[in-house]
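Here's the letter readout for the chains.
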Amino acid sequence: MAGPRQNTTNLRLRLIVDPKKFLDLAQVLAFETPQASKLRTATSRAYYAAYNVSVKTLDGMGFRIDRSGNGHGQVQNLLGNSKNEDLKKISSDLGSLLTNRIGADYRMDDPRAENPTNVKAHVLHASRIIQALERCCGGPNRNDIIQAIKDYGQLIKGAGQKG
């Protein structure tokens, strides 16, 4: 029975997705012949590309992100408190893109989620977030960013303690 179990393990390893592939899918869906479901899905995939690249980047810097719904706010808080102006903007941009994603996924009566121009802008926005995130966190300011986020974490811990 060891053979099938090993095959299952190998299959699981091969199915790990690069979060940027969500952006590739979003681009295809956004630029095809417009259909409501494709446009809404494009916005959702664009957000998750940017979010998951953010999670992966922060994880690579030593920060663990909650895998529940709380992770979305956690990512924004960590980036927003990095003392890096570009990452603060990314934090804000992720929040805006999340709002659009929620509209696309849950607000079926909102026609903005089905507007091809809006959706293409969401996909472009996600692409720019990913590029800026990689530039900032892979560059010479990486150690300063890590330290600033650690300092923020200590500040939050200290605020929760009784004195």
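Everything below is about the structure shown above.
Residues numbered from 1 in each chain as written. Predicted model: local features only at pLDDT ≥ 70, side-chain atom pairs only at ≥ 80, totals over all residues. Heavy atoms only, no water.

1. A short note on the overall build of the protein chain
Piece 1. Along its length, the protein chain carries seven helices and zero strands.
Piece 2. Starting at the N terminus, the α and β elements of the protein chain follow one another as α-α-α-α-α-α-α.
Piece 3. Burial status across the protein chain gives 37% buried among its 163 residues.
Piece 4. The contacts in the protein chain between residues at least 6 apart in sequence include a share of 67% that link residues at least 24 apart.
Piece 5. Of the roughly 10,000 Å² of accessible surface on the protein chain, a fraction of 52% belongs to carbon and sulfur atoms. (Helix = DSSP H or I, 4+ residues; strand = E, 2+ residues; numbered from the N terminus. Buried < 20%, exposed > 50% of the residue type's maximum accessible area, 1.4 Å probe, protein only. Contact = heavy atoms within 4.5 Å. Areas by Shrake-Rupley, 256 points an atom, 1.4 Å probe, with all protein chains shown as cover.)

2. Regarding the side chain of S91
Piece 1. Tracing the backbone through its elements, the reader meets S91 in helix α5 (residues 85-106).
Piece 2. A polar atom in the side chain of S91 sits 2.6 Å from the backbone oxygen of Q76. (Polar contact = N/O pair within 3.5 Å; in protein donor to acceptor, adjacent residues only side chain to side chain.)

3. Considerations on the nonpolar core
In summary, soluble globular proteins display a tendency toward joint burial of nonpolar side chains.
Piece 1. L58, V75, L79, L87, I90 and L94 are the most contacted members of the largest nonpolar core, which has 39 residues in total.
Piece 2. Of all the elements in the fold, those that place two or more residues in this core are α2 (20-31), α3 (36-60), α4 (70-80), α5, α6 (116-137) and α7 (142-159).
Piece 3. Among the elements that take part in this core, α3 stands out by supplying 11 residues, more than any other.
Piece 4. Those residues within four positions of I90 in sequence are excluded, and the remaining contacts are L79, I129, A132 and L133. (Core = buried A, V, L, I, M, F, W, Y, C linked by side-chain atoms within 4.5 Å.)

4. Here's the deal with the side chain of S44
Piece 1. Considering the arrangement of structural elements, one finds S44 in helix α3.
Piece 2. According to the relative accessible area criterion, S44 is buried, its value standing at 4%.
Piece 3. The contacts of S44, once residues within four sequence positions are left out, are R101 and D105.

5. What about the packing of aromatic side chains?
Piece 1. Going through the model one piece at a time under the given rule, you end up with three aromatic pairs.
Piece 2. Taken together, a centroid distance of 5.8 Å and an interplanar angle of 15° make the contact between Y47 and Y51 stacked. Separated by four residues within a single helix, Y47 and Y51 lie in helix α3, roughly one turn from each other.
Piece 3. The class of Y47 is buried, set by a relative accessible area of 1%.
Piece 4. One Lys or Arg, R45, reaches over the ring of F22 and ends 4.8 Å from the middle of that ring. (Phe/Tyr/Trp six-rings, centres within 6.5 Å; stacked < 30°, edge-to-face > 60°. Lys NZ or Arg CZ within 6 Å of the ring centre and 35° of its normal.)

6. As for α2
Piece 1. A rise of 1.5 Å per residue sets the reference length of α2, with its 12 residues, at 16 Å; its end C-alpha atoms lie 17 Å apart and thus fit the reference within 8%.
Piece 2. The inward-facing, buried residues of α2 abut α3 and α6. (Expected span 1.5 Å × (residues − 1).)

7. Some details on α3
Piece 1. With 25 residues, α3 should cover 36 Å at 1.5 Å per step; its first-to-last C-alpha distance of 36 Å lies within 8% of that length.
Piece 2. Phi turns positive one or two residues past the end of α3, at G62, with a value near 100°.

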